[in-house]
Amino acid sequence: MNLKSVGIVVILLFSVMGIFFSCDDDDKKIVYNNLPVESRHFIENYFSGVDVTSVEKEDGEPHYKVELANGFVLRFYRNGGWQEVDGNGVEIPGPVLYDLLPGAILTYVAQEYPDASIVEISQHSYGYEVSLETQPEVKLKFNRDGGIITEIVD
């Protein structure tokens, strides 16, 4: 293989890699007002006065990602319903927890992990996932009624 052929192969390789990596991130920035009404109401209700720093429309589910100035990341389904509240290590405010999770989950966490803070919650087809600020980190999965399914210690 001569030097010119090697150069062409290298250029093609980098071109293919560039296409592969550029297709990896299909998220696009959108303006806050383009979020579904339900998502905006959620933010205004639970995070009133906190600046929104970024709003992205994602492919697949969850469909929207919202970053707040206080470090929280919120994810919403295509219809605007909440999918995840991630405090990034900061405790999720009580009103959010009380309104979004079945009471059985809060009772379980209070009894089994009395010194732990809930720092991330998400809802799924099976129910809910809750991450606790513990060492090591504990993730709990619950069914829709708040019954414990599994406990994962990382």
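What you are looking at is a predicted structure, and each value in this text was computed from that prediction instead of being measured. Every chain is numbered independently, its residues counted from 1 as its sequence is written. This being a predicted model, a pLDDT of at least 70 is required before a residue's local features are given, and a value of 80 or more before pairs of side-chain atoms are given or counted; all residues contribute to the totals for chains, interfaces and linings. In computing side-chain values, all of the structure's heavy atoms are included and hydrogens and water are not.

**Student:** So what exactly am I meant to see when it comes to the side chain of Thr-134 here?
**Tutor:** Strands are runs of DSSP state E lasting at least two residues, helices are runs of H or I lasting at least four, and both sets are numbered from the N terminus onward. Of note, Thr-134 is situated in the loop between β7 (127-132) and β8 (138-143). Separated by 2.7 Å, the side chain of Thr-134 and the backbone oxygen of Pro-136 make a polar contact. In protein, a polar contact means a hydrogen-donor-capable atom and an acceptor-capable atom, both N or O and within 3.5 Å, with residues adjacent in sequence counting only if both atoms are side-chain atoms; elsewhere, any N or O pair within 3.5 Å suffices.

**Student:** What should I look at first to understand unusual backbone geometry in this one?
**Tutor:** Peptide bonds are trans in most cases, and residues, glycine excluded, mostly fall at negative phi. With an omega of -5°, the peptide bond running from Gln-135 to Pro-136 counts as cis. Inspection of the secondary structure puts Pro-136 in the loop between β7 and β8. In this structure, Asn-88 is a non-glycine residue whose phi angle is positive, near 50°. Along the chain, Asn-88 turns up in the loop between β5 (82-86) and α3 (94-100). A 1.4 Å probe rolled over the protein chains alone gives each residue an accessible area, and that area as a share of the maximum for its type sets the label: buried under 20%, exposed over 50%, partly exposed in between. The exposure class of Asn-88 is partly exposed, given its relative accessible area of 48%.

**Student:** Would you explain the confidence of the model for the chain in this entry?
**Tutor:** Regions with low pLDDT should not have their predicted coordinates read in detail. Looking at any residue, its pLDDT shows the predictor's confidence there, from 0 to 100. Per-residue confidence for the chain averages 87 on the pLDDT scale, and 82% of its residues sit at or above 70. In the model, residues 5-24 has pLDDT below 50 throughout and makes 1 contact with residues more than four positions away in sequence or in other chains. Here a residue-residue contact requires only that any non-hydrogen atoms of the pair lie within 4.5 Å.

**Student:** Before we go on, may I ask you to explain helix α4 (residues 103-112) in this structure?
**Tutor:** Owing to its 3.6 residues per turn, the α-helix brings residues three or four apart onto one side. Residues Ile-105, Leu-106, Tyr-108 and Val-109 constitute the buried set of α4. Angular distribution of buried residues about the axis of α4 spans 160°; they occupy a single face of the element. Residues of α4 that are buried make contact with α3, β6 (118-123), β7, β8 and β9 (148-153). Each direction from the helix axis to a C-beta atom contributes to the arc, which is the arc of those directions.

**Student:** Would you explain the side chain of Glu-84 in this entry?
**Tutor:** Relative to the helices and strands, Glu-84 resides in strand β5. Owing to a relative accessible area of 11%, Glu-84 belongs among the buried residues under this scheme. Within polar-contact distance, the side chain of Glu-84 engages the side chain of Arg-75 at 2.8 Å. If we skip the residues at most four places from it in the chain, Glu-84 touches Val-73, Leu-74, Arg-75, Glu-120, Ile-121 and Ser-122.

**Student:** Would you explain the pairing of β6 in this entry?
**Tutor:** Consecutive side chains of a regular strand alternate in pointing toward one face of the sheet and then the other. Within β6, 6 of the 6 residues are buried, which leaves it mostly tucked inside the rest of the structure. Across 3 bridges, β5 lies against β6 in antiparallel orientation. Across the sheet, residue Val-85 finds its bridge partner in β6, namely Ile-121. Strand pairing follows a simple DSSP-based rule, namely that at least 2 bridges must link the two strands. Linking β6 to β7, which pair antiparallel, is a turn of 3 residues.

**Student:** Looking at this model, I keep getting lost on helix α2 (residues 37-46). Mind explaining?
**Tutor:** Every buried residue belonging to α2 is among Ser-39, Arg-40, Phe-42, Ile-43 and Tyr-46, and all of these are buried. Seen along its axis, α2 keeps its buried residues to an arc of 155°; they face one direction. Those residues of α2 that are buried lie in contact with β2 (52-57), β3 (64-68), β4 (73-76), β5 and α3.

**Student:** Just checking my understanding: could you explain the pairing of β5 for this structure?
**Tutor:** In terms of burial, β5 is largely enclosed, as 5 of its 5 residues are buried. Hairpin remark: β4 followed by β5, antiparallel, with 5 residues in the connecting loop; positive phi at Gly-80, about 100°.

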